[in-house]
Every structure is written in C-alpha cells, then in structure tokens.
Amino acid sequence: MKRMTLAGLSIGLGLLSAGLYAHAQSAPSVTFWVRSADQGFVEPLVKAYNAKGGTQVKLTVIPQDDFVTKFATAVAGGAAPDIVAVDLVFLPAFAKSGEMTDLSALYKSLPYAKSLSPSHMRLATFENKVYGVPFSAESSVLIYNKDLFKKAGLDPNSPPKTWAQLETYAKKIRALGGDTYGYYFSGACAGCNIFTFAPLIWASGGDVLNAQGSAATLNTPQVKAALSLYKRLWDAGTIPAGSKTDSGTNFFSAFATGKIGMAGSGAFSIGTLKKDYPKLNFGVAPLPGQNGNSSSFAGGDVIGIPAGSKNVSAAQDFIKWALSPEVQVQQFAKNGSIPVRSDLASNQYSKLDPRYVTVSNLMTKGRTPYSFQYSELINDANGPWLGMIQDAVFGSGGVDAAVKKAQDRFTQILNSN
Amino acid sequence: MTAPKPISLRPSPAAGIFFYVACTLLALAFLFPLAWSTFTALKPAAEASASPANFWPSRLSLENFAYLVKYGAGIGRYVLNSLGVAALTVVGTIFLSVLAGYGFARFEFPGKSTWFLIVLTTLMIPFQSILTPLYILLRTIHLQNSLVGLGLVYITFQIPFSVYMMKNAFESVPRELEEAALLDGCSAWTLLVRVMMPVVMPAVITVGLFAFFASWNEFLAALIFMSDAEKFTLPVMLLNAQSGVFGSINWGAMQAGLAITMLPCAIIFLLLQRYYVSGLISGSVK
Amino acid sequence: MTPHTADLRLAPAPRRASTKGRWTGLMFILPCLIFVASFFMVPLAMTAWMSLNNWPLLGKPSFIGLRNYADLAADSTFWSSLWFTTKYTLLVTPAIFLVAFSMALLVQSKRKLVGLFRTLFFLPVVIGLGAASLLWIWLLNDQVGVFSAVLMRLGIVKEAVQWLGEPNTALASIIVMVVWKVSGFTMLLFLVGMQSITEDLYEAAKMDGAGWWASLWYITLPLLRRTFALALTISVIGSYLAFDQFFIMTRGGPQNSTITVVYWIYRAAFTYFKLGYASALSMVLLVILVVINLIQQFLLREPATRQVQTSYTGKEGVS
C-alpha cells in the first residue's frame with residue numbers, strides 16, 4: 001500500500017514538476033546556482049519568489065564539494081548561470097579573473113548598503129568595484145554543553161574566555177569519564193578549521209595571511225601557541241580519536257551526541273540543535289583568544305551575477321529582493337539563520353532567543369581571509385593549512401616544524417602566480 | 001566394457017564439504033555490504049544514523065525513500081533522465097560496436113590493425129584529463145547541457161571494450177555459416193543482420209549490459225556537463241541528497257539512494273546473466 | 001567435442017580480399033571511428049595543445065612551450081603519486097587475481113548451486129565504482145559503520161577503528177573494497193578461459209595419476225596464458241587510472257598519502273585551476289601507460305600453443 005502511494009507520489013511529483021517547468025518556460029526566467037549546503041533555505045526562497053509571478057527563477061543545486069569545479073568549468077565554457085550564490089571566500093579569485101559582473105551601481109543604490117555585512121563586502125570588492133553582495137551569513141561560535149558543565153562543577157553560564165580556561169574546562173569534563181570528552185574539532189576538514197580554529201588565532205592578535213593576502217603569517221607566536229593548545233588538548237585525551245579523520249562528516253553530529261563539552265561550530269547549529277535535539281541544553285559563546293578577546297569567522301555566501309549573463313536586470317531584481325526584510329527576516333531569521341544586514345539583526349525572531357543576537361554581533365565583527373588562492377592555500381584537503389594542523393597536532397615532528405613547512409608552502413603557492 | 005574409475009578419480013566427500021563451506025563464506029562476504037545497505041535504507045532515518053551502528057531497527061520504514069522522493073525535482077525525474085541516457089548509450093554502443101566488430105573481424109582493409117589500436121587507446125586516457133576540452137567541444141556543437149550529448153560521450157568510452165568483444169565474437173563464428181549464406185546470394189548487410197547477429201547475440205547482450213551499467217553509474221560527466229538541475233542524473237542527485245552542511249551526511253538518505261541506484265543494475269544482471277556469461281565465452285575465446 | 005581454439009586462428013584468410021571487401025570493411029568501422037575521432041581524438045589533441053600553454057581555468061591562456069613539462073619533472077607530489085599508484089597496482093593486482101582465480105576454480109565444478117554462487121560473486125561488479133565507494137565509506141565509518149560496531153561488540157577493540165585514518169589501513173581498506181568489487185569480473189574471465197580447455201586433457205592427466213595440483217600447474221595455468229594476459233592488461237590499466245575510490249573515500253588523505261596520478265591531475269585542473277599543467281600531466285600518464293602496455297604485451301606474448309600439448313603427448317608416449 002505504501003509502495004503504491006510512493007509510486008503515485010513520485011509520478012505525481014514528476015508530472016507536477018514537468019507542468020511547473022512547462023509553465024515556467026512561458027515567463028522570462030533566470031538561472032540560479034547554489035551549493036547543496038544552502039538548499040534548505042534557498043528552495044523555499046525561490047518558490048516564494050516564483051509565486052509572485054513575473055520573472056521565474058530556475059534553481060539548480062550542485063553537490064557541495066564539486067561546486068567550484070562545476071561553476072568554474074561552466075564559466076570557462078561560456079555556460080554560466082545568471083545568478084550564483086557562492087561561498088564568499090571564492091569571490092576574490094572570481095572577481096580578479098573577470099568572471100563576475102560589476103554590481104557597484106546596484107550596491108550604491110541600496111539605502112542600507114552600509115549595514116551589509118562588512119566581511120562579505122570586503123571579499124566581494126576588487127579594485128574598488130563591487131562584484132557581489134551578501135546572501136547568507138554564517139559566523140563561527142563556541143557551543144558548549146551546559147549539562148556537562150554542571151556535572152563537571154563548572155558554571156553553565158560562564159563559558160571559557162581564555163585558553164587557559166578552555167583547557168581546564170576540557171580536562172574537567174573529560175574527567176567525567178566514559179565516552180564523554182571535553183572538546184571536539186574535525187581534524188581532517190580544512191574548511192571547518194579556518195572556520196573555528198583561525199578565530200582563536202585572530203583573537204590573540206595573529207593571522208594566517210597579511211591584510212592584502214600576499215604573504216603568509218604562520219611563523220608567528222600566536223599561530224604556534226594556538227597549535228600547541230590543540231596539541232595539548234589532543235595529547236591529554238580530551239578529544240575523541242575520531243576527530244583525527246573527520247573530514248567534516250561529524251562536524252555537527254559529534255556535539256549533537258551530547259557527549260562533547262565544547263566545540264567550535266556555526267550559527268546554523270543553533271536552529272538545528274533546537275529543532276532536532278531539544279533535550280540538549282547548550283549555550284553559545286565567542287571563540288576566545290589566548291588572553292581574553294574573541295573573534296569569529298564571518299562566512300556565508302555572496303550572491304552575484306557571472307559575466308556574460310544576458311538577464312542582468314532580472315537577476316538584479318532577485319538579488320535586491322533577497323536582501324529585503326521580507327527575506328532576511330521573514331525567511332532567514334524565522335528559520336534560524338542570521339540576516340546579512342546589521343540593521344535587521346535585532347528583529348522579532350532574534351528577540352526570542354538571545355543566542356541569535358550574540359551570533360549576529362559576532363558576524364559584524366568577524367573576519368574573513370582575503371586571498372586569490374583561497375582554494376589552494378586554505379580549503380584544499382591536501383593543502384598546507386590543513387597539513388599544518390595535522391602535522392602539529394597529530395604528528396610527532398612538533399609544532400615548529402609543522403609551522404615552518406606550512407609557511408614555506410604558502411609562500412611557494414603565493415609566489416607561483 | 002568400462003573399467004570402474006580408479007579411486008583417485010572419484011570426488012571425495014571432503015572436497016564437497018569444502019566447496020560448499022568456502023562458497024557460502026565467500027558469497028556472504030560479497031553479498032553482505034549490499035544487503036546491509038538496503039536493510040539500513042529501510043530503517044527510520046534517526047536509527048540509520050545511529051552511532052554505534054544498531055543492528056536491529058525498531059521498525060521498518062520508508063522515510064528515507066520518501067525524503068528522496070521529495071528531493072529537488074523528485075526522484076522520478078532523475079530516474080527518467082538516467083534511463084534516457086542509458087537507453088541511448090546502450091542502443092548507440094550496440095549499433096557501433098556490432099558494425100565495427102564485424103568489420104574488424106571479417107574484412108581486410110588498409111591500416112586495419114592501426115585503426116584497431118587507435119580504438120583501444122581510448123581506454124588509456126582518464127576521462128578527467130579531457131573533461132574540459134570535451135566540455136568546450138560539446139558546447140561548440142550545442143550539445144552541452146543535453147542528455148543526448150552526455151550519451152554520445154558515454155558511447156565513445158564504451159567503444160574499446162565493446163568493439164573488442166564483438167570482434168572476438170564474430171571471429172568465433174564458424175565460417176561455414178557465412179559461406180553457406182553467401183552461396184545463397186546474401187549481401188553483406190543481410191548476412192550480418194539475419195545470419196550473424198543471432199549467433200553473437202550473447203555477446204551483444206553483454207555489450208549492452210556493460211553499456212547500461214557504465215551509463216547508469218557515471219557521475220562526473222553528468223555533473224559537469226549538465227547545467228540545469230532537471231537534467232541531472234541519479235548519481236548526481238544522490239551526492240546532493242546526502243551531503244549536508246560542512247560535510248555532514250544524511251546516512252539514511254545515502255543508503256536509500258544507493259539502493260535505488262544499485263537495485264536496477266542487480267535486477268537486470270540477474271535477469272540477463274545467462275546471456276552475459278555465454279557472451280563473455282564467445283567474446284573472449286580466441 | 002569443441003574444436004580447440006587454436007584451430008580458428010589457423011583458419012585461412014577470408015576470401016573477400018577484393019576491393020569491394022576493402023571498402024565494405026571500412027564502411028563498417030566508419031561510424032565507430034567517427035565517434036572516436038570526434039569525442040576522443042579531438043579533445044585529446046586539445047589537451048596536447050593545452051599542455052604547451054599556461055591555461056588557467058579562469059582567464060586567458062598563454063603559450064609557454066615545454067615549461068609545464070619542466071615543472072612536472074620537478075613536482076615531487078607528482079612523482080610520489082606515480083610511486084603510490086604503482087604501489088597500489090602492485091598490491092591490488094595479485095590480490096584480485098588470487099581471489100578471482102580461487103573463485104573460478106571453485107565455481108568451475110558442476111555441483112549444485114554453483115550458478116547461484118557465481119552470480120553472488122559477480123554481483124558487486126554491476127553496482128558502479130562511485131556507489132561502491134560511498135557504500136564502503138559508510139561501512140568503514142567509525143560512528144555509524146558496521147565493521148567497527150561488530151568489532152566493538154565482539155570486544156576485539158575498545159574504541160571504533162579509524163580505518164581511513166591511517167595511511168596503511170586506508171590503503172588496505174580501499175584495496176579490500178576494490179577486490180570485493182572487481183574480482184567477480186576477473187573470475188568470469190578466468191572461467192571463460194577455463195571452459196575452452198577440453199576435459200580430455202584432465203582425464204588423461206588423471207589416468208596418469210596426476211593430482212589436483214599437478215593438473216593445475218601443467219595444464220590449467222599454461223592454457224590460461226592468454227586469458228591471464230587479457231585480465232592483467234585490463235586490471236593494470238584500470239589500477240593506474242584509479243580515481244573514483246580515492247576521490248570519494250579519502251580525498252587523497254590521510255595526510256596526502258593516497259594521492260593517485262589521476263587524482264593529482266584532477267586537482268591540478270579543478271582545485272588549482274591549472275589546466276595547462278594538468279594537460280601535461282595527462283600526456284605523461286598516457287605515455288607511461290602505453291609503455292607499460294607494450295612491456296606487458298612483450299612479457300606475456302604467446303609461445304606456440306602446440307608446445308604444451310606436444311610435451312604432454314610425449315610423456316604419455318613414454319609411459
């Protein structure tokens with residue numbers, strides 16, 4: 001019986017989508033590409049826009065890991081979409097190679113231009129021209145398990161503010177024994193670590209690259225200290241063994257098991273934890289620096305128009321709509337995402353849960369590395385950023401050797417273009 | 001009078017036991033991953049992602065499949081796309097390889113071995129190397145973002161193996177058959193279709209099967225060449241459906257997707273394996 | 001009794017050596033050649049041209065002659081990927097052949113249920129390498145995978161094993177997966193080869209008192225030489241071009257220890273956006289494969305088939 005319903009459902013859906021597709025063909029349409037991680041919040045968005053009549057948006061969702069490959073190939077082959085939402089870290093490279101349409105005029109026309117996420121705008125700007133605007137926001141935070149804190153005798157409303165505190169708390173929680181651990185990070189995931197580990201460095205006054213992205217600043221005390229911190233956490237057994245090989249699969253789910261005391265994570269986890277793990281009593285805090293101070297990775301997507309699009313004004317309409325309160329508050333904030341406009345950060349939904357306000361503020365003050373070789377340097381699973389962390393934390397050669405090796409490799413890559 | 005077989009020729013009961021034990025163990029080893037995957041697909045989504053893996057679900061559930069049905073343009077669309085491309089690949093491959101196999105097997109012409117070698121070289125270049133040039137090429141002839149273009153590429157990559165199979169198959173056909181037909185005044189074409197084809201049908205089915213499997217399971221070309229979501233094939237959708245934020249994986253959906261991808265292949269194979277085996281026999285014997 | 005296959009090879013050349021036959025032959029292979037030319041040769045030529053350029057995926061290409069090849073020679077990751085791919089091939093090929101041959105021997109007998117077993121052994125072959133890779137990622141996963149769960153239940157290990165976490169276990173796991181997936185196909189090739197060895201030879205051997213091992217060594221193996229050569233060629237080429245399983249299961253990790261040549265080519269093209277360099281790598285790989293193939297063909301070339309039978313017949317005559 002269920003099978004028949006399922007078959008009927010799929011046939012029905014097939015016919016329905018064919019019908020919708022046919023209908024969509026009659027109105028002017030623009031193509032819009034997003035990566036699979038965004039699918040959850042983009043699909044309702046596109047449906048709502050299409051329901052208004054007028055220009056129709058054809059959405060294509062692309063597997064996360066292959067997004068850049070597919071997009072770059074399409075651009076190279078002259079088959080790029082009209083609108084693309086891409087991880088903001090890739091904008092510098094795309095802008096530099098002339099693959100994006102100049103949106104400076106659109107940007108200047110926005111009354112709220114100044115309250116658009118500064119990190120997004122910095123990365124979308126190349127040679128004083130704007131090639132994208134923020135679309136979705138993500139910032140990194142420290143999430144911690146309040147129940148485990150209580151059990152370990154720690155104040156559940158007092159998350160760690162320095163590394164010394166982080167280490168102590170991690171050890172105390174680990175001492176609870178069994179399969180309870182103090183800390184977690186995805187040891188084989190490059191992106192996860194620029195997201196949650198780099199802020200530790202930033203909050204201590206250091207950085208991965210210099211401001212122009214032209215030289216690596218890894219061979220510095222702050223970076224070494226941060227790596228040493230992780231190494232001590234690992235050696236003391238406060239981190240589960242699985243972390244070493246986790247390429248991001250368990251980035252969220254590890255903490256969700258309720259057996260991890262603290263972990264770096266993103267704002268997205270707030271909504272998911274509340275919805276799917278309501279019994280987990282968690283708090284969010286800024287990622288701490290060595291001696292106080294805090295920082296965050298300001299991430300998310302920018303939305304832009306690839307060069308060569310023939311539907312620029314229709315695309316710009318959609319983009320403007322995506323930045324409106326209708327979307328940023330009624331769609332994003334309502335479903336637990338952060339608006340990309342600081343003037344909308346404090347809205348009817350964020351008021352319901354102060355954790356959102358924390359996160360929004362973090363994003364405004366957050367940082368993002370600017371580099372034309374972001375993929376090669378930082379995001380690459382076989383690249384020097386992840387290599388450095390793995391060598392330093394899991395390897396036996398020591399932090400200094402790992403740092404030196406990475407610094408050399410960074411320099412080599414930066415100079416090869 | 002036949003002498004009784006010497007003792008050394010009689011199969012021993014110990015050998016029989018060994019046979020069945022070894023075969024059963026091996027069969028279980030080969031079958032287990034597939035069976036376990038499909039079994040997990042039928043667990044409720046939360047239990048499918050349980051850690052450590054739970055062995056017995058509380059109930060059977062189709063929710064993983066339901067998730068896939070609702071996904072994107074609906075799984076029906078992707079299945080149709082995959083089927084369409086596979087059909088084109090199978091028909092095209094059979095057509096080309098039967099013709100070429102026959103040509104190589106039964107005719108002499110200048111440069112024959114060179115041409116054959118060139119055909120075989122297609123095996124030695126990985127698809128990833130010519131991915132971008134192919135993309136540009138397809139775009140130039142307006143077949144990029146077209147399932148037909150995808151099918152043509154698949155056919156090309158099936159050619160070495162298929163032509164090799166058909167060439168061997170035709171070579172194994174006894175010449176008496178052809179000579180008898182020729183004496184009856186057959187043209188080359190009629191000879192091929194009416195006389196030879198039925199004889200090499202097992203090889204043809206084998207070629208078709210392999211073409212189907214290759215096309216049904218291929219992922220990279222389908223992802224890169226198709227620009228529109230509605231034209232994605234099953235493997236691409238599978239990758240989309242099971243990946244979440246920061247590399248998190250929806251295990252239940254993955255197993256359901258794997259089941260949908262694997263089962264048609266398994267079923268078709270089981271139905272046609274009779275031909276398949278004899279196809280390889282007629283295809284490989286020299 | 002089926003005629004021995006050697007007979008067919010000694011058959012006279014086809015009668016149709018006339019001009020009409022020549023053109024007809026070409027006509028038959030023409031459609032296939034058109035496809036190969038359009039969708040393979042043309043892109044291949046483009047790749048060759050690209051290898052002489054600095055060709056960023058995004059941006060304008062510029063001619064640089066043989067610079068890419070010079071860079072390639074100095075690229076340590078390329079050489080270690082070549083070494084790794086060779087190591088992988090040297091490990092996986094005997095594994096596959098051992099398992100496949102054993103299965104072929106088992107399944108060759110005419111006992112009951114042999115067809116069922118043969119089918120089950122072959123089943124993993126049809127499911128696609130990408131699907132198989134995903135399947136095994138799941139099986140090997142420390143949190144949700146069944147292997148770790150079973151080992152922990154049995155008390156053999158205390159904590160979940162990180163199969164894909166150490167270079168050696170990662171390689172071993174991938175090899176196991178590939179053997180699981182591919183052995184059935186090689187088994188079938190062996191079966192087919194074995195089918196063409198006439199029963200009479202085995203009967204005669206048994207009459208002479210040859211045991212199971214002797215008939216294997218002196219009859220089966222030599223007569224399977226051609227099948228063996230074919231299977232080896234296919235397997236070696238496939239192993240050298242291995243990509244999917246390393247792309248999906250380990251992404252070249254842990255710590256860059258499982259990077260194959262094609263994986264490196266893929267990264268050069270699509271992570272570093274250096275199409276020219278990737279094209280140069282591809283050309284070099286092609287040359288390497290052709291050389292390996294030539295060596296294989298040379299080493300595995302047929303001695304005259306008759307010799308085996310003659311030597312055996314001679315022995316029979318003596319006793």
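Residues numbered from 1 in each chain as written. Chains lettered and ligands numbered in written order. Predicted model: local features only at pLDDT ≥ 70, side-chain atom pairs only at ≥ 80, totals over all residues. Heavy atoms only, no water.

**Considering the packing of helix α13 (residues 268-276) of chain A against helix α16 (residues 354-365) of chain A**
Residue and element names in this part refer to chain A. At a minimum axis distance of 10 Å, the contact between α13 and α16 shows a crossing angle of 160°. Classified by the angle their axes make, α13 and α16 are roughly antiparallel. Like other packed secondary-structure pairs, α13 and α16 cross with a definite hand, here right-handed. Touching Ile 270, Gly 271 and Lys 274 of α13 are Arg 355, Tyr 356 and Val 359, all from α16. Residue composition of the contact of α13 with α16, by class: three nonpolar, one polar and two charged. (Axes fitted to C-alpha atoms, helices over the stretch in contact; angles between N-to-C directions. Helix = DSSP H or I, 4+ residues; strand = E, 2+ residues; numbered from the N terminus. Parallel < 35°, antiparallel > 145°, perpendicular 65-115°, else oblique. Left-handed = near helix turned anticlockwise from the far one by under 90°. Contact = heavy atoms within 4.5 Å. Nonpolar A, V, L, I, M, F, W, Y, C, P; charged D, E, K, R; others polar.)

**Thoughts on the interface of chain B and chain C**
Across the boundary between the two partners, chain B contributes 97 residues, which contact 92 residues of chain C. Summed over both sides, the interface of chain B with chain C buries roughly 8700 Å², with 80% coming from carbon and sulfur. Taken together, chain B and chain C are joined by zero salt bridges. A total of 18 residues in the side of chain B that touches chain C trace back to one element, the largest contributor, which is helix α1 (residues 13-41) of chain B. Among the residues making up the side of chain B that touches chain C, the classes are represented as 72 nonpolar, 19 polar and six charged. (Buried area = accessible area lost by both parts, 1.4 Å probe. Salt bridge = Lys/Arg side-chain N within 4 Å of Asp/Glu carboxyl O.)

**Looking at the pairing of strand β3 (residues 83-87) of chain A**
All names here are of chain A. Of all five residues making up β3, five are buried, and the element is well covered by its neighbours. Strand direction decides the pairing type here: strand β1 (residues 29-35) and β3, joined by two bridges, are parallel. Note that in β3 the partner of Phe 32 across the bridge is Ile 83. Judged from the four bridges that link them, β3 and strand β12 (residues 298-304) form a sheet pairing that is antiparallel. Bridge pairing in β12 links Val 86 to Val 302. (Buried < 20%, exposed > 50% of the residue type's maximum accessible area, 1.4 Å probe, protein only. Pairing = 2+ DSSP bridges.)

**Observations concerning the nonpolar core**
Phe 32 and Trp 385 of chain A together with Phe 225 of chain B are the most contacted members of the largest nonpolar core, which totals 336 residues. Looking at this core element by element, the count peaks at 15 residues for helix α9 (residues 188-217) of chain B. Setting aside anything within four residues of it in sequence, one finds Trp 385 of chain A in contact with Ala 190, Asn 193, Ile 194, Phe 197, Ala 198, Ile 201, Val 208, Leu 377, Ile 378 and Phe 410 of chain A. With five residues, the next largest nonpolar core counts Ile 197, Leu 201, Tyr 202 and Ala 205 of chain C among its residues. (Core = buried A, V, L, I, M, F, W, Y, C linked by side-chain atoms within 4.5 Å.)

**Things to note about the pattern of salt bridges**
Residues and elements named next belong to chain A. Counted under the stated rule, the structure contains 23 salt bridges over all chains. Close ionic contact of Lys 231 with Asp 235 constitutes a salt bridge, the shortest N to O distance being 3.4 Å. With Lys 231 and Asp 235 both in helix α11 (residues 221-235), this residue pair falls four residues apart, about one helical turn. Asp 391 is the partner of Lys 405 in a salt bridge, and the nearest nitrogen-oxygen pair spans 3.4 Å. Note that Lys 405 is positioned in helix α19 (residues 399-415) and Asp 391 in helix α18 (residues 384-394), a separation of 14 residues in sequence. A residue is classified by how much of its surface remains accessible, and Asp 391, at 23% relative accessible area, is partly exposed. Among the charged side chains, a network of salt bridges with common partners joins Arg 35, Asp 38, Asp 87 and Asp 301.

**Notes on the domain arrangement of chain B**
Size of an interface: often given as the accessible area lost when the parts come together. Residue and element names in this part refer to chain B. Here chain B is described as being made up of domain 1 (13-64) and domain 2 (66-284). A separation of 30 Å is found between the C-alpha centroids of domain 1 and domain 2. Counting residues at the interface gives 10 residues for domain 1, matched by 11 residues for domain 2. Together domain 1 and domain 2 conceal approximately 800 Å² of surface at their shared face, both sides included; 60% is due to carbon and sulfur atoms. For the pair domain 1 and domain 2, the number of links is zero salt bridges. The interface formed by domain 1 and domain 2 contains four residue pairs in polar contact (both at pLDDT 80 or more). Those elements giving two or more residues to the side of domain 1 that touches domain 2 turn out to be α1 and α3 (63-70). The element contributing the most residues to the side of domain 1 that touches domain 2 is α1, with five residues. For the side of domain 1 that touches domain 2, a count of residues per class yields four nonpolar, five polar and one charged. (Domains from an automatic or database assignment. Polar contact = N/O pair within 3.5 Å; in protein donor to acceptor, adjacent residues only side chain to side chain.)

**Quick word on the interface of chain A and chain C**
At the junction of the two partners, chain A supplies 24 residues and chain C supplies 25 residues. Carbon and sulfur atoms make up 49% of the area that chain A and chain C hide from each other, which totals about 2000 Å². Taken together, the links from chain A to chain C amount to two salt bridges. Notably, a salt bridge pairs Lys 244 of chain A with Glu 166 of chain C, separated by 2.8 Å at the nearest N-O pair. The tally of links from chain A across to chain C stands at seven residue pairs in polar contact (both at pLDDT 80 or more). Mapped onto the side of chain A that touches chain C, the elements with two or more residues apiece are α3 (67-76), α17 (374-379) and α18 of chain A.

**A few points about unusual backbone geometry**
The phi angle at Glu 127 of chain A is positive, at roughly 50°, despite the residue not being glycine. With relative accessibility at 63%, the residue Glu 127 of chain A sits in the exposed group. A positive phi angle is found at Arg 251 of chain C, which is not glycine, with a value near 50°. Along the chain, Arg 251 of chain C falls in the loop between α12 (244-250) and α13 (261-270).

**Section: helix α6 (residues 129-140) of chain C**
Between its terminal C-alpha atoms α6 of chain C stretches 16 Å, which fits the 16 Å expected from 12 residues at 1.5 Å a residue. Within α6 of chain C, burial applies to Gly 130, Ala 131, Ala 132, Ser 133, Leu 134, Leu 135, Trp 136, Ile 137, Trp 138, Leu 139 and Leu 140 of chain C. (Expected span 1.5 Å × (residues − 1).)

**Points about the environment of Ala 229 of chain B**
In this structure, Ala 229 of chain B sits in the loop between α10 (220-225) and α11 (234-242). Judged by its relative accessible area of 11%, Ala 229 of chain B falls in the buried class. A sequence separation of 171 residues divides Ala 229 of chain B from Ser 58 of chain B, and the C-alpha atoms of the two residues are 36 Å apart. Residue contacts for Ala 229 of chain B: discarding those within four places in its chain leaves Leu 59, Thr 60 and Val 61 of chain A together with Tyr 78 of chain B.

**A closer look at a nonpolar patch on the surface**
All names here are of chain C. Taken together, the side chains of Trp 212, Trp 213, Trp 217, Tyr 218 and Leu 221 make up a nonpolar region of the molecular surface, amounting to roughly 680 Å² of accessible area. Checked against the element boundaries, Tyr 218 lands in helix α10 (residues 212-223). Using a relative accessible area of 58% as the deciding quantity, one classes Tyr 218 as exposed. (Patch = residues over 30% accessible without salt bridge, like charges linked within 9 Å, V, L, I, M, F, W, Y side chains within 5 Å. Areas by Shrake-Rupley, 256 points an atom, 1.4 Å probe, with all protein chains shown as cover.)

**Description of helix α4 (residues 76-108) of chain C**
When the terminal C-alpha atoms of α4 of chain C are compared, their 47 Å separation across 33 residues agrees well with the 48 Å that a helix rising 1.5 Å per residue should span. Measuring from the side-chain oxygen of the N-cap residue of α4 of chain C to the backbone nitrogen of Thr 77 of chain C gives 3.1 Å; that N-cap residue is Asp 75 of chain C.

**A few points about the pairing of strand β6 (residues 133-145) of chain A**
Residues and elements named next belong to chain A. Within β6, 13 of the 13 residues are buried, which leaves it mostly tucked inside the rest of the structure. The sheet contact formed by β6 and β12 spans six bridges and is antiparallel. Within the sheet, the bridge partner assigned to Val 133 lies in β12 and is Ile 303. Both β6 and strand β8 (residues 260-266) contribute to a ladder of five bridges, which runs antiparallel. Paired with Tyr 144 across the bridge in β8 is Met 262. Where β6 and strand β9 (residues 282-285) come together, four bridges link them in antiparallel fashion.

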